[in-house]
Amino acid sequence: MDRMSSIILVAGLGCFAFAFVLSGVYPWAITDAKVPTATIAELAQDVPVEFKELKDAYPVSFSERYARAGEVHTARELTLQPELTPGDDAWRDNYAQALREGRDLYISEVCWHCHSQYVRPVANEAQRFGPVQLADHDNNELQRPQLWGTRRVGPDLTHEGRRRSNDWHVAHFWNPDDVSPGSVMPRYPWLFRQGWQVRRRIDPAKADRARLPADRSYPYPGLWSSKAEAEAALEDIRANLPSSLAADAERLFVAESSGPTGEALSLIAYLQWLGTWTPPHLEEDA
Amino acid sequence: MTTVDLPLQGDDGAHDGARDDAAAGDLVCVPLVKWHFAFAVTFMITSMTAGFIVSLNFLGAYPFEDIRWLSYGRLRLVHTNEIAYGFLVNAFVGALYYAIPRLTGRRVASHGLGWVIFGVWQLLVLATTVGQLLGYGQAVEWGETPTGFRPGSWELVYLPVDFLIEVGAVLLAIQFLTPIAKAMRKRMYVSLWYISAGIVWLILTYVMGNTLPEWTLAGASGAATVGLFIHDLVGLFVTPMGWGLMYFFVPIILRRPIWSHALSVIGFWALAFFYPLNGVHHFLLSSIPMSVQYGAIISTMAVEIVVTTVVVNFFATMWGRGDALRTNMPIRWFYTGMVFYFITCLQCFFHTTLAVQEIIHFTDWVPGHAHLVMLGVFAFWCIGIMTWLWPRLTGNEWYSRRLHHWQYWLTMLGLFIMFVDLLAAGVMHGAMFKALVPWMDIVESLEPYWQVRTFSGGMILAGTLLFAWNLFMTAITPKPYDYRVDIVSEAA
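Here's a quick rundown of the structure.

Definitions and limits used
- Residues numbered from 1 in each chain as written.
- Chains lettered and ligands numbered in written order.
- Predicted model: local features only at pLDDT ≥ 70, side-chain atom pairs only at ≥ 80, totals over all residues.
- Heavy atoms only, no water.
- Helix = DSSP H or I, 4+ residues; strand = E, 2+ residues; numbered from the N terminus.
- Rg over C-alpha atoms; globule rule 2.2 N^0.38 Å.
- Buried < 20%, exposed > 50% of the residue type's maximum accessible area, 1.4 Å probe, protein only.
- Contact = heavy atoms within 4.5 Å.
- Areas by Shrake-Rupley, 256 points an atom, 1.4 Å probe, with all protein chains shown as cover.
- Lys, Arg positive; Asp, Glu negative; His and termini not counted.
- Charge placed at Lys NZ, Arg CZ, Asp CG, Glu CD.
- Pairing = 2+ DSSP bridges.
- Buried area = accessible area lost by both parts, 1.4 Å probe.
- Salt bridge = Lys/Arg side-chain N within 4 Å of Asp/Glu carboxyl O.
- Polar contact = N/O pair within 3.5 Å; in protein donor to acceptor, adjacent residues only side chain to side chain.
- Phe/Tyr/Trp six-rings, centres within 6.5 Å; stacked < 30°, edge-to-face > 60°.
- Lys NZ or Arg CZ within 6 Å of the ring centre and 35° of its normal.
- Axes fitted to C-alpha atoms, helices over the stretch in contact; angles between N-to-C directions.
- Parallel < 35°, antiparallel > 145°, perpendicular 65-115°, else oblique.
- Left-handed = near helix turned anticlockwise from the far one by under 90°.
- Nonpolar A, V, L, I, M, F, W, Y, C, P; charged D, E, K, R; others polar.

The next point concerns the overall build of chain A. A tally of helices and strands in chain A yields 12 helices and 3 strands. At 25 Å, chain A has a C-alpha radius of gyration far larger than the 19 Å of a compact globule built from 286 residues. With respect to the principal axes defined by its C-alpha atoms, chain A has extents near 90 × 45 × 40 Å. The proportion of buried residues among the 286 residues of chain A is 53%. Partitioning the contacts of chain A with sequence separation of at least 6, the portion at a separation of at least 24 is 72%. Accessible surface, chain A as shown: approximately 13,200 Å² in total, 54% of it carbon and sulfur. Side chains of chain A give 30 positive and 40 negative charges; the mean places of these two sets differ by 5 Å.

Here's what the structure looks like:
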């Protein structure tokens, strides 16, 4: 019992291997081993409207980020230009890229240290966060490495997807305290880029009626990297204004602003995905 | 059990002098020990500074709000990883360079190799820190050392630190197992059981935790392995090294043999059997099969019995020498650590029950517990070892005993305040959570506890800075060290 060979073989290797089989191999063998782990491509089969809306709201960051951004069109674009095709395959590819990159950023910014991703069947968690998490829901590539977490400085994110709008997430990353006062979550200014935007000042008469400041303005989608590009976009908007809005032409202007980077869009796509996937073999129950 | 020849162990006190040090002088490479200790303390300070800064985030006073690579999340990784890989490994390895040649009567494999490992290890700790600040941290708790690959893929984006650390661990095994193997015709003293098993466990644990959850096992299966890794790293590397060194240093300093070798045997084998089975208790009430969770719970409770045998053994060893707690600083650090060790393990006994787990999991209770283990137990033991060895390594008397007392009380009280504070915060958080109190109201209620945490963290950091200053001044201030006097409070 106190010779080197027994220490190394029995204690060092034997006890370790025994525990590895009992608490590593065995739980795998009776659960995840029975169903193949879903790949990211499989998870990205249904592209949710939240992801498509990111293209409408942040077209420049979107086009710069995704490999097949040029081939996809949103419902809004299809309404304006019915001759286009939606590009469903390209949507799936872009979405898969976004999920992977968003997950990578979730790891890279160490979100998983303060947010858990598993709901327990106790402490009224299901009431607060949603259904208790089953092993099957985590048997996918985005949970490799697993991101369950062991601490909740912030709330659990298992069912975060589709609970809030994309805009809420953008505002939240800019300054969490703005949307949930008292939050201790840090700001993420590096998820935003500076650029130039086309904006439209409000009609003074309407502003007066609505008791809004006369210099209130609203942005058009798109945050261009240079002023020249923004001005070109302004001309484009002006040229295509419907006659009913012709008066707006004079109130268009270009201003410096900031908006989410492509990286931030991926993170938002990932957060909007969380909890929305049901494994195929469970779909009948669901 | 037969007792084993333990160099430098006995009652007469004659061993504890210049005579023995001269005899062992060509066995131990003193500069290696010194430099490992120096880097251990350096990383201890950088880690604690990172921890202190991170705590400021909760007071709304985070100083690097707009700097991505110094952001809250990334700096938090630096705090835990530098303590584990920068401080603890350096301190343990330094102490092993001293203890193993004396336990085996042989040199380590190669002093040249020792310097290579030393240099490479510091670079790896640095590469870990830089990688984490750049966002390459791995999503495995306590194993956030960068794999170098994009998560879950084979696309290399950074230095493969994990792989190099594994190489380092194998080199350490060669370095330390060689003298042990050469002396293996003898029965081994208990220290060597812990140390040789611990080195093997480190190699296995590290491979398991840094490959399986990353590339093969997803979700629940991955979590089971990650739990195993978290626990094995602490339970099968840090704990055996710590106890192995305690079994060496405590009898030497108290000048009496360990009370019962039968208890040492029980302690070691029960640790080897039960500790690795604890892993899944990091993810209780999860979707890991309940049979596995119950297994982990029962093993965790069994570990408490192991711990009790070991702690009883050490307190019985000290029986009748209680004055050493007052007069002998290394003994005071060691036994303070042992009391804290008993508290943390007793906590585990209750934590692991599902009823307690329901309330305390996910709350500040857990970091409170972790601080008591990592700082209160293992760091305290390493500090004690350094306190005893530093005058012997440098040949200089301590620069200031008064500073040393300040260090002890600041660190110990700081830690104790932090522990109680985080425990209270955790219970409150858990209870409010269960009562469905709105999230932001919970956060608001935790604010005063976070203020106390920052304050107590400041005390710990201040104590550690005093330690570093004292070590540095001792090294550069010639003041011949009298081997017959240990560090004694009144002798200042």
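Residues and elements named next belong to chain A. Counting buried positions over the 10 residues of strand β1 (residues 192–201) gives 7, a clear majority of the element. Two elements, β1 and strand β3 (residues 252–260), share 9 bridges in a ladder whose sense is antiparallel. Looking across to β3, one finds that Val198 is bridged to Val254. Here β1 pairs with strand β2 (residues 217–219) via 3 bridges, running antiparallel. Residue pairing in the sheet places Arg199 in a bridge with Pro219 of β2.

On the chain B side, the residues contacting the 80 residues of chain A number 95 residues. For the pair chain A and chain B, the summed buried area comes to about 7,400 Å², and 65% of that belongs to carbon and sulfur atoms. The tally of links between chain A and chain B comes to 6 salt bridges. With a shortest N-O distance of 3.0 Å, Arg74 of chain B and Glu109 of chain A are connected by a salt bridge. Linking chain A with chain B are 28 residue pairs in polar contact (both at pLDDT 80 or more), by the criterion used here. Elements represented by at least two residues in the side of chain A that touches chain B include exactly α1 (4–30), α6 (88–108) and α7 (125–129) of chain A.

In this section: the packing of aromatic side chains. The way to describe two aromatic rings as a pair is by their centre distance and the angle between their planes. For the structure shown, the criterion picks out 56 aromatic pairs over all chains. Consider the rings of Phe268 of chain B and Trp269 of chain B, whose centres lie 5.2 Å apart with planes at 90 degrees: the pair is edge-to-face. Centroid distance Phe349 of chain B to Phe350 of chain B: 5.4 Å. Interplanar angle 80 degrees. Geometry classified as edge-to-face. On the basis of relative accessible area, Phe349 of chain B is assigned to the partly exposed category, the value being 27%. Residue class for Phe350 of chain B comes out partly exposed when judged on its relative accessible area of 45%. Three or more aromatic residues joined by ring pairs make a cluster, and in this case those are Trp193, Tyr194, Trp201, Trp243, Tyr247, Phe268, Trp269, Phe314, Tyr341, Phe378 and Trp381 of chain B. Here the basic side chain of Arg152 of chain A rests over the ring of Phe362 of chain B, its NZ or CZ set 3.7 Å away from the ring centre. The ring of Tyr408 of chain B has Arg332 of chain B lying over it, and the distance from NZ or CZ to the ring centre is 4.9 Å.

Another aspect to go through is the packing of helix α2 (residues 30–56) of chain B against helix α13 (residues 365–394) of chain B. Residues and elements named next belong to chain B. The geometry of α2 relative to α13 is characterised by a closest axis approach of 11 Å and an angle of 140 degrees between their N-to-C directions. Judged on the interaxial angle alone, α13 and α2 are oblique. Relative to α13, α2 is oriented so that their crossing is left-handed. On the side of α2, the interface is formed by Val30, Val33, Lys34, Phe37, Ala40, Val41, Met44 and Met48, while α13 contributes Leu375, Ala379, Ile383, Ile385, Met386, Leu389, Trp390, Leu393 and Thr394. Here the contact of α2 with α13 is composed, by residue class, of 15 nonpolar, 1 polar and 1 charged.

On to the pattern of salt bridges, then. Taken as a whole and assessed by the stated rule, the structure comprises 27 salt bridges over all chains. Among the ionic pairs, Asp56 of chain A bridges to Arg76 of chain A, the shortest N-O distance being 3.6 Å. In this pair, Asp56 of chain A is assigned in helix α3 (residues 49–57) and Arg76 of chain A in helix α5 (residues 75–80), connecting sequence segments 20 residues apart. When its relative accessible area of 19% is taken as the criterion, Asp56 of chain A is described as buried. Judged by relative accessible area, Arg76 of chain A falls into the partly exposed class, the value being 43%. Here Asp104 of chain A and Arg103 of chain A are joined by a salt bridge, their closest N and O atoms 3.2 Å apart. Neither Asp104 of chain A nor Arg103 of chain A differs from the other in exposure class; each is buried. Salt bridges sharing partners connect three or more residues here, namely Arg103 and Asp104 of chain A together with Arg150 and Glu155 of chain B.

Read these as geometric descriptors, not functional statements.
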